[in-house]
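Listed here are the chains, written in short residue letters.
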Amino acid sequence: MAWLQREIELPPYPRGFHLITSHVVEALPEIRRLQVGLLHVFIRHTSASLSINENADPDVPADLDRVLAHLAPEDFPYDHTIEGPDDMPGHVKASLLGSSLTVPIRNGQLGLGVWQGIFLCEHRRNGGRRRLVLTVHGE
Amino acid sequence: MAWLQREIELPPYPRGFHLITSHVVEALPEIRRLQVGLLHVFIRHTSASLSINENADPDVPADLDRVLAHLAPEDFPYDHTIEGPDDMPGHVKASLLGSSLTVPIRNGQLGLGVWQGIFLCEHRRNGGRRRLVLTVHGE
Amino acid sequence: MAWLQREIELPPYPRGFHLITSHVVEALPEIRRLQVGLLHVFIRHTSASLSINENADPDVPADLDRVLAHLAPEDFPYDHTIEGPDDMPGHVKASLLGSSLTVPIRNGQLGLGVWQGIFLCEHRRNGGRRRLVLTVHGE
């Protein structure tokens, strides 16, 4: 296998940071066969993001969500308001956090550190099911 | 084709977020021949960035520019001021937004979501022509 | 060579932005043999980040550190505080700045702009030695 690409749909989540490492890994059992490579995870939306952060204490994603709400507040004088008060802050967070992640693959596993997990950062109150494109390349 | 790399020079833009998806796609007609792959876009400057965000309403990039100006204000007590008041804020935005993007390729097209576009984030008032390195790899 | 992957350990740094381009390049002499490719740099920690920014004036990384301390202050009412006052701000900065970088390779060298350097962004006062996974792919 040189290239593998798969689109997955996540369950709907409320606003906040949600650990999705297992969703990603379970969609890609072929990673076990790779000695070296890269996984690219891309989110096809502009009011949700992807981030790698601490996977253990649930206070961490809750704090991250509150800090981001402080950096991109709903009461900033935005012009783009037709999709609701949580939409434009979502676009700001999407640019700050980013729409994709690249993670090394080694010895059949993701090369994440012990405390690292992949998070969906849902910026809308009712964002619905988010679609990810997973692209794996390696040998 | 396994690898393709091309450097392009954008037209000069004023400070703000500017949609450049068509500049990138038109420079890479070979993408049409790829079933699967990745496009990497890299900006060779430290006071301009790249970001993926909402491509439809021009209020979105205008709001993004104003929020970023609020997060990295010109009146912060910076020490690096010799290149003008918009320079150090530009470096801050460059680190927050990032110098590169990776986008999946599938079925001969970029795998962007319907509402996603690639933006040049120009942080200087007179940043001039910005250079991008486009690297495509796929099959 | 199609793929090359190597893990390196950086020396310990105090909190701040530290130029590490030479650490990365010296660990990968094989890059000289590549005409085209990509370098992926991944940090296996959640309270340190990687960023590309201005490599010349030491005031730039110092200013970046102070602005980030302003955006993710230690006195925000975090719930995750058991690892010290600099820990949760470190997680916030990790999500804002990101855990990995991808840089084009061309003609045997990194395709960085003249003023661009790779920075370790150390968010802890005593973060210790940080581990990076370097993955190179090209031809």
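**Comments concerning the relation of the copies chain B and chain C**
1) Next: Take chain B, turn it by 120 degrees, move it 0.0 Å along the axis, and it overlays chain C with an RMSD of 0.0 Å. This pairing of chains is accounted for by a three-fold axis. Taking C-alpha positions as the reference, the residue of chain B nearest the rotation axis is B:Leu96, at 3.4 Å.
2) Next: Of the residues that chain B buries at the interface, just 11% are likewise interface residues in chain C, meaning the two copies contact each other through different surfaces.

**Describing the sheet that holds strand E4 (residues 48–54) of chain B**
Residue and element names in this part refer to chain B.
1) Next: If you trace the three strands from one edge of the open sheet to the other, you get E2-E7-E4, paired in antiparallel fashion. Each edge of the sheet is formed by a strand with only one pairing partner; in this case those strands are strand E2 (16–19) and E4. When the angles between neighbouring strand axes are averaged without regard to direction, this sheet yields 35 degrees.
2) Next: As paired strands, E2 and strand E7 (residues 116–122) are joined by four bridges and run antiparallel to one another. From the neighbouring strand, Gly16 faces E7, where its bridge partner is Glu122.
3) Next: This element, helix H3 (residues 87–97), spans E2, E4 and E7 of the sheet and lies at about 50 degrees to E4.

**A look at the sheet that holds strand E1 (residues 3–9) of chain A**
1) Next: Across the sheet, five strands lie side by side as E1-E8-E3-E5-E6 (chain A); this open sheet has antiparallel pairing. Each end of this open sheet is capped by a strand with a single partner; those strands are E1 and strand E6 (109–110) of chain A.

**Digging into the nonpolar core**
1) Next: Residues A:Val92, B:Val92 and C:Val92 are the most contacted members of the largest nonpolar core, which totals 45 residues.
2) Next: The residues touching C:Val92, leaving out its near neighbours within four places in the chain, are A:Leu64, A:Val67, C:Ala72 and C:Tyr78.

**A closer look at empty space enclosed by the protein**
1) Next: Tallied over the entire structure, the rule returns two cavities of 30 Å³ or more.
2) Next: Each pocket or cavity is described by its volume, and for the largest cavity that value is around 600 Å³.
3) Next: Surrounding the largest cavity, 37 residues form its lining, A:Ser100, B:Leu97, B:Ser100, C:Leu97 and C:Ser100 being those nearest its centre.
4) Next: Among the residues making up the lining of the largest cavity, the classes are represented as 19 nonpolar, 18 polar and no charged.
5) Next: Here the second largest cavity defines a volume of roughly 200 Å³.
6) Next: If you go around the second largest cavity, you meet 17 residues; those closest to its centre are A:Leu38, B:Leu38, C:Leu38, C:Thr102 and C:His137.
7) Next: When residues of the lining of the second largest cavity are traced back to their parent elements, those giving at least two are strand E3 (36–43) of chain B together with strand E3 (36–43) and strand E8 (131–138) of chain C.

**Concerning the confidence of the model for chain A**
Low pLDDT means the predicted coordinates in that region are not meant to be read closely.
1) Next: Averaged over all residues, the pLDDT of chain A is 97; the fraction at 70 or higher stands at 99%.
2) Next: Taken over the whole predicted complex, pTM reads 0.98, whereas the ipTM for its chain interfaces reads 0.97.

**Considerations on the pattern of salt bridges**
1) Next: As enumerated under the stated definition, the model contains 42 salt bridges over all chains in all.
2) Next: Between A:Asp63 and A:Arg66 there is a salt bridge, with the nearest N and O atoms lying 2.8 Å from each other. Taken together, the positions of A:Asp63 and A:Arg66, both in helix H2 (residues 59–71) and three residues apart, correspond to about one turn of that helix.
3) Next: Where C:Glu122 meets C:Arg130, a salt bridge forms, and the shortest distance between an N and an O atom there is 2.8 Å.
4) Next: Given a relative accessible area of 5%, C:Arg130 falls into the buried group.
5) Next: It is possible to trace a salt-bridge network through shared partners that takes in A:Glu7, A:Glu9, A:Arg44, A:Arg129, A:Arg131 and B:Arg106.

Reading the values: rules and limits
Residues numbered from 1 in each chain as written. Chains lettered and ligands numbered in written order. Predicted model: local features only at pLDDT ≥ 70, side-chain atom pairs only at ≥ 80, totals over all residues. Heavy atoms only, no water. Least-squares fit on C-alpha atoms with pLDDT ≥ 70 in both. Contact = heavy atoms within 4.5 Å. Pairing = 2+ DSSP bridges. Helix = DSSP H or I, 4+ residues; strand = E, 2+ residues; numbered from the N terminus. Axes fitted to C-alpha atoms, helices over the stretch in contact; angles between N-to-C directions. Core = buried A, V, L, I, M, F, W, Y, C linked by side-chain atoms within 4.5 Å. Buried < 20%, exposed > 50% of the residue type's maximum accessible area, 1.4 Å probe, protein only. 1 Å grid on protein atoms, 1.4 Å probe; cavity = no way out; pocket = protein on both sides within 12 Å on 5 of 7 lines; lining within 4 Å. Points joined across faces, edges and corners; volume = space filled by probe spheres on them. Nonpolar A, V, L, I, M, F, W, Y, C, P; charged D, E, K, R; others polar. pLDDT = per-residue confidence, 0-100. Salt bridge = Lys/Arg side-chain N within 4 Å of Asp/Glu carboxyl O.

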